[in-house]
Amino acid sequence: MTATAATALRTRHLLSIDDINEAEIALVLDTAVAMKEVGARSIKKVPALRGRTVVNLFFEPSTRTRLSFELAEKRLSADTMGMTTAGSSVVKGETLIDTAKTLEAMSPDMIVVRHASSGAAHLLSRVCRSSIINAGDGTHEHPTQALLDAFTIRERKGRLAGLRVAIVGDLLHSRVLRSNALLLTKMGASVVACGPATLIPLGLDRLGVTSTTSMDEACEGADVVMMLRVQHERMHGLFLPSVREYFTLFGLNAERLKRAKTDAIVMHPGPMNRGVEIASDVADGSQSVILDQVANGVAVRMAVLYLLAGESKENE
Amino acid sequence: MKVLLKNGRVIDPAAGRDGQFDVLIEHGRIAKIGKSLAADGARVVEVPAGFIVAPGLIDMHVHLREPGQEHKETIETGSRSAVTGGFTAVACMPNTLPVNDQAGITQFILKRAAEVNLARVYPIGAVSIGSNGEQLTEIGDLRAAGCVAITDDGKPVNTALLMRRALEYASMFKMPVIEHCEDPSLKADGCAHEGPVAAMLGLKGIPAVAESIMAERDISLAEMTGGHVHIAHMSVRQSLRAVRDGKSRGVNVTCEVAPHHFTLTDEAIKGYDTNTKMNPPLREEADRAALIEGLRDGSIDVIATDHAPHHADEKALEFDRAPFGIVGLETAIPLCVAKLIQPGIIGWPRLIELLSAAPARILNVPGGTIVEGGPADITIIAPDAPVTIRAAELVSKSKNTPFDGWTLTGAAAATIVGGRTVFVNRSVTGADRFEERA
Amino acid sequence: MPVVMDADRVAKSLTRIAHEIIEHNRGIDDIRLVGIRTRGVPIARRLAAALKDITGADVPTGALDITLYRDDLMRQSVGPQPVVRSTEIPFDLEGKHVLLVDDVLYTGRTIRAALDALIDFGRPKTIQLVVLVDRGHRELPIRADYVGKNVPTSLRESVQVHLAEIDGRDEVEVQS
């Protein structure tokens, strides 16, 4: 554990949870507490990033993450530009680097990037002057999602250390799993990852988590049950035989949730597939914090944007 | 023109020679080898102490990219890169545009190579037309035109049946079938070794068995047909096991490994540098260690670079979208010194066997030994010369190497092809005496 | 290091200011106290206690963090971002007399930021400024309505306010 509290981030970019240590994670979460209060005011806007420009570069369709970042940027008074390309430049044959450099010619301070390729944010961080925030790169990481999940857990449980967190679903293709596993284990929680054997990556233990194919075992004694989205395209064919069998084996229903602690919370990064990975009565039930996650996402992203806007120590 | 190389350490494993000898070169051939040979009108070059006089190195797995992808490499730039790396000969893969699947293309390659007149170039023909895995090429015609082996490299020979026929047919011409071992369904759109590192990085994996399953298939087919299968760029311990098993049963199987596979592991892909992306991918430490052991104990026959040039623009992409491959001709010697010689895994005679004698034998081409009457293809190696690899300074048209900035030792001091000095390394002290003077 | 206020002097000043507040606002019905983090917050709480001693009534008291309004944030950054702490104003400011409380009044930039922040919470009837020490050197047209002590200083000097709640003792000193 780091003895002294962090007062700044050492990194210019947020590409991975690997970029930040426990003290820096705590700083982001503490800053997000203040940012959440801003969202409760009658005028939900502060001038902290007035005159700064943030580009939201989304190469994958994403509604909630893009809107969450946009709102966070606006609440901090940044100027924002969005580019959502289900392929606008890509279709024209422009490379990611060329697209980024074109946008950089307009002198943004930060670029928030969502891309289907793992490592895309790393690539941009090597060629761009701006701070790069990874808003999801392929099946690699989604660091702000993990931060908002941690914020939500801490808000409900008062702590992260010592908690037992079950993460259930398509582990192989989930960037949410990777970021959460890194963050939660860093902060002293224990993570059990659960999914069908076809969707467990080789070497998952290297992430510091234990894995199981038994949903009952994963839920047993859990403080948090975090369900992952299962993409429809994985549902038929070589990964999984059918939706029906998936829900039977890995779906979260009220009966299974009883194995978790009585005060356990249920999380989902969205968008949910009701009746596929989670039963509606659980998703809408008293233990669900799924909508809190959405609300907290704005505050946590404000914190990340604010903290990365400073001059980083690594440049000194 | 006569040249007498005096007092060099001549290492010629094929001839069982390792010691101080003089080598007299005349009319492009080795005229004499012995102690204290008389100059007899020859230009005398005193070989600097510590330098090795080796039979010319042969890289049996090179992509010269011409015809069709001259923005990556040409026969000229690739040949220059070869002699700079100490290779007097290269065998070039047929996955050009168009594919080298007919004599006309083979002849074009040989014509260009003759015009360039640096390294010897041995074309390798395709197994199937267009390397499409359906119809056999005219292998006899390819052989007649100058091909030394066949392969569908870049992908595996499509079906077991086609492999069977290729092995049977090529055996008529004593040609090996070189196989890029990979089960396409297991490889799918993978781009990194399937294991913890790829899992952490969120990269789709290529499992080790994608290679070994195909190696096992091909070794079984070689056993059945009596044909010669040569496993290209072998990267995993499971394949090595299959090769060892095959050899112990007397199967006509040989194999090669690339320097990057015994130098790096998948740890190197952290950071998503596309210059660490190649196929087969960088594997895990247990595989790297197994390859080193295979080089030591003799189960691996050849070191070949799988020199795969790509333009910088093609590599400046997302990791999963960038092409596979790195350049290798100019980094082979120092990597072999660093990973095999310096740690005492093997000695120089064994290394020269791997880089010269064995590929000559497998491809059934001249060279690979320094014998009287044989071609004067000689690589002068400065084993202790300090080198710093600089991607920007590579002679190859492409600069896609993961070894940029590495400081190593060992370099080609001079490269002699057919008695002609085609390369002198100006950054190696003492190499200038190999310079031909008018 | 010259001590310009000791614990007794601090206490007496706050009691005097409490009386001035009541007198000036003709009671405390619509008074709200907002302390500026960090040391304005305990001072505001002490004033609330003093007002209760005098009137018997509770005055709602909040805490304001002005970091997100700092005018040096909006230029190209030259260092790491200052740490943001939470603002807690759990009451409505609309139509109220808001007493903004800080420890030292110096350039006036903190107060400028605080005024901007307060306006975002509603539209107070008045905003009045309470400071324990006014050390001069204003860079903006801002003045305090209630001052514990005017301490003339040079620009080279700094004023350190120590409060029992944070620092274990009450004391104001000038360092050069």
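Look up: the structure comes first, before these words.
Residue positions are given per chain, counting from 1 as you read along its sequence in written order. Chains carry letters from A onward and ligands carry numbers from 1 onward, assigned in written order. Reporting in this predicted model follows two pLDDT cut-offs: at least 70 for local features of residues, and 80 or more for side-chain atom pairs to be given and counted; totals over whole chains, interfaces and linings ignore these cut-offs and use all residues. Water and hydrogen atoms play no part in the side-chain values, which are based on all heavy atoms of the structure.

K.L.:
Quick rundown of the side chain of B:Asp306? Include the residues and the values.
P.N.:
Residue and element names in this part refer to chain B. Here Asp306 shows up in the loop between β16 (302-303) and α11 (312-315). The cut-offs for exposure are 20% and 50% of the maximum accessible area for each residue type, with area from a 1.4 Å probe on protein chains only; residues under the lower value are buried, those over the upper are exposed, and the others partly exposed. Residues scored as charged are limited to Lys and Arg (positive) and Asp and Glu (negative), so that His and the chain ends carry no count. Salt bridges are identified by distance alone: a Lys or Arg side-chain nitrogen within 4 Å of an Asp or Glu carboxyl oxygen. Buried Asp306, no salt bridge; nearest opposite-charge side chain is Arg65, N-O distance 7.1 Å. Counting of polar contacts relies on pairs of N or O atoms within 3.5 Å, with two restrictions inside protein: one atom must be capable of donating a hydrogen and the other of accepting it, and residues adjacent in sequence are counted only when both atoms are side-chain atoms. Side chain to side chain, Asp306 and His63 meet in a polar contact 3.2 Å long. Sequence-distant contacts of Asp306, that is, excluding residues within four places in its chain, are made with Asp59, His61, His63, His233, His260, Asn279 and Ile326. Strands here are runs of E lasting at least two residues and helices are runs of H or I lasting at least four, both read from the DSSP assignment and numbered beginning at the N terminus. Note on definitions: a residue-residue contact is assigned when non-hydrogen atoms from the two residues lie within 4.5 Å.

K.L.:
Report on the pattern of salt bridges, specifying residues and quantitative values.
P.N.:
This structure, assessed with the given rule, holds 56 salt bridges over all chains. Residue B:Glu435 is joined to B:Arg426 by a salt bridge in which the shortest nitrogen-to-oxygen separation is 3.4 Å. Since its relative accessible area comes to 26%, B:Glu435 is described here as partly exposed. Note that C:Arg143 is salt-bridged to C:Asp145, the shortest N-O span being 3.0 Å.

K.L.:
Please give an account of the nonpolar core that cites residues and values.
P.N.:
Definition used in this section: a nonpolar core is a set of buried Ala, Val, Leu, Ile, Met, Phe, Trp, Tyr and Cys residues joined via side-chain atoms within 4.5 Å. In terms of nonpolar packing, the biggest core is built from 94 residues, with A:Leu76, A:Leu147, A:Tyr306, C:Leu64, C:Leu68 and C:Leu100 touching the most fellow members. For this core, the element with the most residues is helix α12 (residues 290-308) of chain A, which contributes ten residues. Formed by 73 residues, the second largest nonpolar core is a distinct cluster that contains B:Ile109, B:Ala166, B:Ile231 and B:Leu355.

K.L.:
Please set out the environment of A:Ala26 residue by residue, giving values where relevant.
P.N.:
All names here are of chain A. Here Ala26 is to be found in helix α1 (residues 22-38). A residue is classified by how much of its surface remains accessible, and Ala26, at 25% relative accessible area, is partly exposed. Sequence separation of Ala26 and Met187 is 161 residues, and the distance between their C-alpha atoms is 8.9 Å. Not counting residues up to four positions away in its chain, the partners in contact with Ala26 are Arg154 and Met187.

K.L.:
Lay out the interface of chain A and chain B in plain terms, naming residues and giving numbers.
P.N.:
The partner chain B presents 19 residues to the 24 residues of chain A that form the contact. Of the roughly 1,600 Å² buried between chain A and chain B, counting both surfaces, carbon and sulfur atoms make up 58%. Per-residue buried area on chain A facing chain B is highest for A:Ser118, A:Leu202 and A:Arg206; these three make up 30% of the total on that side. Seen at the junction of chain A and chain B, the total is zero salt bridges. The term buried area refers to how much accessible surface (probe radius 1.4 Å) is lost by two components on association, counted for both of them together.

K.L.:
Any details on the sheet that holds strand β6 (residues 57-62) of chain B? Residues and values, ideally.
P.N.:
Residues and elements named next belong to chain B. When DSSP locates at least two bridges between a pair of strands, those strands are taken to pair. One open sheet accounts for three strands, arranged β6-β7-β8; its pairing is parallel. Where the open sheet ends on each side, the last strands, each with one partner, are β6 and β8 (120-123). Taken pair by pair, the neighbouring strands of this sheet meet at an average axis angle of 20°, ignoring direction. By the bridge criterion, four bridges tie strand β7 (residues 87-92) to β8 in an arrangement that is parallel. Across the sheet, the residue bridging to Ala89 is Arg120, located in β8. Only the stretch in contact is used when fitting a helix axis, every axis being a line fitted to C-alpha atoms; angles between N-to-C directions are given from 0 to 180 degrees. Running at roughly 60° to β6, helix α13 (residues 348-363) makes contact with β6 and β7 of the sheet.

K.L.:
Which residues make up the arrangement of the chains, and what values do they have?
P.N.:
A comparison of contact numbers over the two pairs of chains in contact places chains A and C at the top. Without any contact between them, chain B and chain C keep their closest C-alpha atoms 26 Å apart.

K.L.:
Lay out the environment of A:Ala32 in plain terms, naming residues and giving numbers.
P.N.:
All names here are of chain A. Within the element layout of this structure, Ala32 appears in helix α1. Note on Ala32: relative accessible area 0%, which makes it buried. For the pair Ala32 and Ala303, spaced 271 residues apart in sequence, the C-alpha to C-alpha distance is 5.0 Å. Apart from residues lying up to four places away in sequence, Ala32 is in contact with Phe151, Ala299, Val300 and Ala303.

K.L.:
Quick one: what's the story with the pairing of strand β3 (residues 110-115) of chain A, residue by residue and with numbers?
P.N.:
Residue and element names in this part refer to chain A. Where burial is concerned, most of β3 is hidden: six out of the six residues are buried. Along β3, one buried face is formed by Met110, Val112 and Arg114 and the opposite face, lined by Ile111, Val113 and His115, is buried too. Note that strand β1 (residues 53-58) and β3 share five bridges and pair parallel. Paired with Phe58 across the strands is Arg114, a residue of β3.

K.L.:
Account for the interface of chain C and chain A, naming residues and giving values.
P.N.:
A common way to state how big an interface is: give the accessible area lost once the parts meet. Taken together, the contacts link 22 residues of chain C with 27 residues of chain A. Here chain C packs against chain A, burying approximately 2,000 Å² in sum over the two surfaces, 56% of which is carbon and sulfur. Connecting chain C to chain A are zero salt bridges. Gly falls in the polar group here, along with every residue not listed as nonpolar (Ala, Val, Leu, Ile, Met, Phe, Trp, Tyr, Cys, Pro) or charged (Asp, Glu, Lys, Arg). Classifying every residue of the side of chain C that touches chain A gives eleven nonpolar, eight polar and three charged.

K.L.:
Before we move on, can you summarise unusual backbone geometry with the specific residues and values?
P.N.:
Omega for the peptide link from A:Gly270 to A:Pro271 comes to -10°, which places this bond in the cis form. Looking at the secondary structure, you find A:Pro271 in the loop between β9 (265-267) and α11 (280-283). Here B:Leu97 and B:Pro98 are connected by a cis peptide whose omega angle stands at 0°. Unlike most non-glycine residues, B:Arg65 shows phi in positive territory, near 70°. Looking at the element boundaries, B:Arg65 is found in the loop between β6 and α1 (75-84). Its identity as a non-glycine residue notwithstanding, B:Ser131 has a phi of 50°, on the positive side.

K.L.:
Before we move on, can you summarise the pairing of strand β5 (residues 52-55) of chain B with the specific residues and values?
P.N.:
Residues and elements named next belong to chain B. Across two bridges, the pairing between strand β1 (residues 2-12) and β5 is parallel. The residue of β5 that forms the bridge with Arg9 is Ile52. When β5 meets strand β17 (residues 378-388), the two strands line up antiparallel, connected through four bridges. The partner of Pro55 across the bridge, within β17, is Ile378.

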